[in-house]
Amino acid sequence: MPPALLDLILPPRCAGCGAPGAPACPSCTAELLREPAPRSPDPPPPGLPDCWSATAYDGAARRMILACKERGRTALVPVLAAAVSACVAAWAAGGGVRREVWLVPVPSARAASRRRGHDPVRAVAAAAARELCRRGRPAAVAPLLRLCRRVADQAGLGSAERAVNLSGAFEVVPGPAARPRPSGRGLGAVAVVLVDDVVTTGTTLAEAARALRAAGAEPSAAVTIAATRRRRPIGDYHGQ
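Basis of the calculations
- Residues numbered from 1 in each chain as written.
- Predicted model: local features only at pLDDT ≥ 70, side-chain atom pairs only at ≥ 80, totals over all residues.
- Heavy atoms only, no water.
- Helix = DSSP H or I, 4+ residues; strand = E, 2+ residues; numbered from the N terminus.
- Salt bridge = Lys/Arg side-chain N within 4 Å of Asp/Glu carboxyl O.
- Buried < 20%, exposed > 50% of the residue type's maximum accessible area, 1.4 Å probe, protein only.
- Expected span 1.5 Å × (residues − 1).
- Disulfide = S-S within 2.5 Å.

A.B. asks: Could you give me a rundown of unusual backbone geometry, with the residues and numbers involved?
C.D. replies: Note the cis peptide between Asp42 and Pro43, where omega equals 5 degrees. Along the chain, the position of Pro43 falls in the loop between strand E1 (37–38) and strand E2 (51–56).

Set out below in structure tokens:
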């Protein structure tokens, strides 16, 4: 039986610690939301926008992301979306950004979406946009990107291998269907923000940013739920 149905039938347990009572207990939710801050990889790949995350990719945060993404615990979407909306709000406040925000989810491969039965990043981005609107900041989900060729699984690949794997992999969806109508006087009133679940090397977000720029849309920032703790390896250098 799918985990989403089990959450409806059985008493839910926290995906972060296993405590009964809710898909995410107050303690694990607080851990997920504890510190929205800039968390760019070191070294950052060329073209990576200003990159923010809610927390580090470990502990309860890691378990909750994996439960939603790989085990179908879709009841966690609002909790993960709260982390994204908190990051967007912190980024906007720090930079004095007052424009409407378009949240652009990084697309999953079709095979991965079929296997999972859902697209977690897009669902989180849509819920985060609704949360931002409830808090008084105009926002919309804008699924502007799609994969235009097959890519290998990124797990286990280094930064250079990821760059080769993803080079030219994204493109902007043609036509107006994926574009919300700006509430201001045009696209100049919009801040485009990329959304993904986890940032590791930053290669995926940099490639997504390249595709947006190629279509004339400059991304203002990138936001993820969590960031992998990484240190620059010996002999590594910018652009690798």
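A.B. asks: Can you explain the pattern of salt bridges? Please cite residues and give values.
C.D. replies: If you walk through the whole model with that rule in mind, you get nine salt bridges. Taking the shortest distance from any N to any O, the salt bridge between Lys69 and Asp197 comes out at 2.8 Å. One end of the pair, Lys69, is in helix H3 (residues 59–71); the other, Asp197, is in strand E7 (residues 190–199), with 128 residues separating them in the sequence. Judged by its relative accessible area of 22%, Lys69 falls in the partly exposed class. The partner of Glu171 in a salt bridge is Arg146, with the nearest N and O atoms 2.7 Å apart. In this pair, Glu171 is assigned in strand E6 (residues 170–172) and Arg146 in strand E5 (residues 145–147), connecting sequence segments 25 residues apart. Residue classification places Arg146 among the partly exposed residues on the basis of a relative accessible area of 34%. In the salt-bridge network here, residues are joined through shared partners; they are Arg34, Asp58 and Arg229.

A.B. asks: Describe helix H8 (residues 203–214), listing the residues and the values that go with them.
C.D. replies: Because an α-helix packs 3.6 residues into every turn, residues spaced three or four apart end up facing the same way. Between its first and last C-alpha atoms H8 spans 16 Å; for 12 residues at 1.5 Å apiece the expected length is 16 Å, and the two agree. Among the residues trailing H8, Gly216 stands out with phi positive, at a value near 90 degrees.

A.B. asks: Which residues make up the state of the cysteines, and what are the values?
C.D. replies: A full pass over the atoms with the stated rule returns zero disulfides. Cysteine Cys51 is unpaired, with the sulfur of Cys87 as its nearest cysteine sulfur at 9.0 Å. A relative accessible area of 0% places Cys51 in the buried class.

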